[in-house]
Amino acid sequence: MRDHGEFKFVTRRKKRASHVRINYDSSISLPDDHENDNHPNVNYETLVGKLLEAEVELRNSLFSDNVFYYLRDSLSALNVSGISNILCYGLGHFSCRRSSKYQLALLLSLKKRYSSQVYMYDPVFSFKEIELLKEFDCNVIEVNEEGKRHVLDNVTLIYMPHCSIHLINNFLYANWCRQLNRCILLTNSFSIVADDLKKANRSTPVDYILRIRSYVTEIPLRNNFTCEEAFNDLSIHIFLEQDINRIAESFWNKREAPCYQDAEIDYLTAKQTEEVDAKNCNYTFS
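Residues numbered from 1 in each chain as written. Predicted model: local features only at pLDDT ≥ 70, side-chain atom pairs only at ≥ 80, totals over all residues. Heavy atoms only, no water.

Trainee: Now, about the sheet that holds strand E2 (residues 117-121): what can you tell me, with residues and values included?
Mentor: One open sheet accounts for seven strands, arranged E3-E2-E1-E4-E5-E7-E6; its pairing is mixed. What marks the edges here is a single partner per strand, and that holds for strand E3 (139-140) and strand E6 (217-220). The pairing of strand E1 (residues 85-89) with strand E4 (residues 156-160) spans four bridges and is classified as parallel. Note that in E4 the partner of Leu87 across the bridge is Ile158. (Pairing = 2+ DSSP bridges. Helix = DSSP H or I, 4+ residues; strand = E, 2+ residues; numbered from the N terminus.)

This is how it looks when you write it as structure tokens:
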């Protein structure tokens, strides 16, 4: 039985646990979540098998059923027939993190369902992880664009599970115009981000998230997957044409590059990536 309910904007959920990754250090083998496959020297064939098993488990889950149900409704609401491209940031070390493995499994399921071209980037990907992604016919972006990729030429799903809110903010900045209605964001709930900032009584320079929030239709995804930490607090965000059309042109004209000079950002800058790349050369499979 599906757990769909009514397609509507919802702003709150009760159970919450933050799993946004902060301050990368690729010299550390990230701990696995409740599963002992966190050794950096994972056999290549073994990992491929684990990913295929994870994809089958994910595809047969109620969580996956709900994701595709709401994506179908989202595409219908946007009056488009499919998803040409998928852009993924912040997946992490899927070779040694259980949650990242399932997040990749969902990405592969989305790719198959919509026959989409996939473009992805995470500065912590190891060389062998990149090789594996290419075997799955994914395009790995070669440079750190800090989330500022322009994607408005085709209908694009932006998949950022538990990604830095600053990267989400950067993406919105790079695509700040009425054509945002060609984007579907499957990422951290904008409502929860805004509510958490308000409760903490602290400011953060994520102006684009906060400015666009009033014009977003947000569909929270119930976190009922067996690996709870993989998909908590995720929502589908779409920009309906009638909402975009009621925005004054001056709203879009105010477009300054995000500045995080005095903020503690939670992603690696392009400059910092050079150091991470050097460290990742030592992160290999047997």
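Once the structure has been displayed, the description carries forward.
Trainee: Outline the pattern of salt bridges, supporting the account with residue identities and numerical values.
Mentor: Evaluated as defined, the whole model comprises 12 salt bridges. When the shortest N-O distance is used, the salt bridge between Glu145 and Arg149 registers 2.9 Å. Of the charged contacts, one joins Asp195 and Arg213 as a salt bridge, the two residues approaching to 3.7 Å between their closest N and O atoms. Of this pair, Asp195 sits in helix H6 (residues 190-200) while Arg213 sits in the loop between helix H7 (207-212) and E6, and the two are 18 residues apart along the sequence. Taking relative accessible area as the criterion, Asp195 reaches 15% and is therefore assigned buried. When salt bridges with common partners are traced through the structure, they connect Glu55, Arg59 and Lys112 into a single cluster. (Salt bridge = Lys/Arg side-chain N within 4 Å of Asp/Glu carboxyl O. Buried < 20%, exposed > 50% of the residue type's maximum accessible area, 1.4 Å probe, protein only.)

Trainee: Any chance you could break down the packing of aromatic side chains for me, citing the residues and the numbers?
Mentor: As enumerated under the stated definition, the model contains 14 aromatic pairs in all. On the basis of an interplanar angle of 75° and a centroid distance of 5.0 Å, the ring pair of Tyr102 and Phe225 is categorised as edge-to-face. Of the two residues, Tyr102 is situated in helix H3 (residues 98-114) and Phe225 in the loop between E6 and strand E7 (234-238); the sequence distance between them amounts to 123 residues. Judged by relative accessible area, which is 4%, Phe225 ranks as buried. Following the ring pairs from residue to residue traces out a cluster consisting of Tyr173, Trp176, Tyr208, Tyr215, Phe251 and Trp252. The positively charged end of Lys101 is found above the aromatic ring belonging to Tyr102, 5.3 Å away from the centroid. Across the ring face of Phe68, the terminal group of Arg113 is positioned such that the distance to the ring centre comes to 3.9 Å. (Phe/Tyr/Trp six-rings, centres within 6.5 Å; stacked < 30°, edge-to-face > 60°. Lys NZ or Arg CZ within 6 Å of the ring centre and 35° of its normal.)

Trainee: Pulling in residues and values, what's your account of the environment of Ile141?
Mentor: Here Ile141 lies in the loop between E3 and E4. The sequence separation of Ile141 and Tyr119 amounts to 22 residues, and the corresponding C-alpha distance is 6.4 Å. With sequence-adjacent residues up to four places away left out, Ile141 is seen in contact with Leu87, Tyr119, Met120, Tyr121 and Arg149. (Contact = heavy atoms within 4.5 Å.)

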